[in-house]
Amino acid sequence: MTPTPGDHVQSLARGLAVIRAFDADHPRQTVSEVAAATGLSRPAARRFLLTLVDLGYVRSDGNAFWLTPRVLDLGYSYLSSLSLPELAGPHLEALAAKVHESASVSILDGDDIVYVARVPVSRIMAVSITIGTRFPAYATSMGRVLLAGLNDHELDEHLARVSPVALTEHTKTTVRELREEIDRVRRDGYCIVDEELELGLRSLAAPVHGRDGAVIAAINISTQSARYSVDAVHADLLPQLQTTAAEITADLARTPNSR
């Protein structure tokens, strides 16, 4: 079903925007800070925050506001029905233990990837990555794997819609470059992104398939470029990653409620 403009409930959209204004870098915010982050007026931001306090999703000390664990309920039903985080967890732990690098699983949400499972080994990025962290798909190895799983029409729409910016001097930002990279992923079955999201970060990703064979998620290994050359990523990390992706795919195929 395709929603029409008349189906859009603006107050719900604004309330969700207020929740999304909080993240690892901004866990506690004042009314003014939330208003600035969401584009709401200060009185509107205050009303939404107080409503969320009343519902138990936000707490306040009278000045600052912060999320409560209850917000996890909003995504629990989806993650539970997907079964992916629970199934992927033990495989990620085993993979991280073997290669001594951080391993993650993400899904595509709009133009971003969203982390749904992660086993960190060390902090290798300037930003903290947790469940729910989002990055632009075009600049990440998991994002390009997920984009490669779209059909041609969906990919065309994505590339026409996004406006890539250079996150580092190495980031590919033209449609031609991105299409070439995605075509390469479709051909090779994996993706390496070298210092495009952050300098010094090298990542490798492979697809996870659902019961119908469609790409439903991506799994990756992230490392510092000083620890692994591109050749070493191919030789030492890729076989382990592909084996783990195949194991998660096999587990999903045996799970009745998996996608």
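Here the structure is a predicted model, which is why all the values come from computation and not from measurement. (Residues numbered from 1 in each chain as written. Predicted model: local features only at pLDDT ≥ 70, side-chain atom pairs only at ≥ 80, totals over all residues. Heavy atoms only, no water.)

(A) Representation of the side chain of R118 within the structure. Turning to its location among the elements, R118 is positioned in strand β5 (residues 112–119). Comment: no salt bridge for buried R118; closest opposite-charge side chain is E101, at 9.0 Å. Engagement of the side chain of R118 in a polar contact is seen with the side chain of S104, the distance being 2.7 Å. (Helix = DSSP H or I, 4+ residues; strand = E, 2+ residues; numbered from the N terminus. Buried < 20%, exposed > 50% of the residue type's maximum accessible area, 1.4 Å probe, protein only. Lys, Arg positive; Asp, Glu negative; His and termini not counted. Salt bridge = Lys/Arg side-chain N within 4 Å of Asp/Glu carboxyl O. Polar contact = N/O pair within 3.5 Å; in protein donor to acceptor, adjacent residues only side chain to side chain.)

(B) A look at the UniProt feature "domain: HTH iclR-type" (unreviewed entry) in the protein chain. The feature "domain: HTH iclR-type" (unreviewed entry), as annotated in UniProt, sits at residues 9–69 in this numbering. Annotation note: span residues 9–69, helix share 54%, strand share 13%, distance between end C-alpha atoms 25 Å. (UniProt positions renumbered as here; feature names shortened; annotations may be inferred.)

(C) Here's a closer look at empty space enclosed by the protein. By the definition in use, this model includes one cavity of 30 Å³ or more. Approximately 100 Å³ is the volume attributed to the largest cavity. Lining the largest cavity are 15 residues, with T140, L197, L201, S203 and N220 positioned closest to its centre. Among the elements of the structure, β5, α6 (141–148), β8 (201–209) and β9 (215–224) are those that each provide at least two residues to the lining of the largest cavity. The residue makeup of the lining of the largest cavity, split by class, is eight nonpolar, five polar and two charged. (1 Å grid on protein atoms, 1.4 Å probe; cavity = no way out; pocket = protein on both sides within 12 Å on 5 of 7 lines; lining within 4 Å. Points joined across faces, edges and corners; volume = space filled by probe spheres on them. Nonpolar A, V, L, I, M, F, W, Y, C, P; charged D, E, K, R; others polar.)

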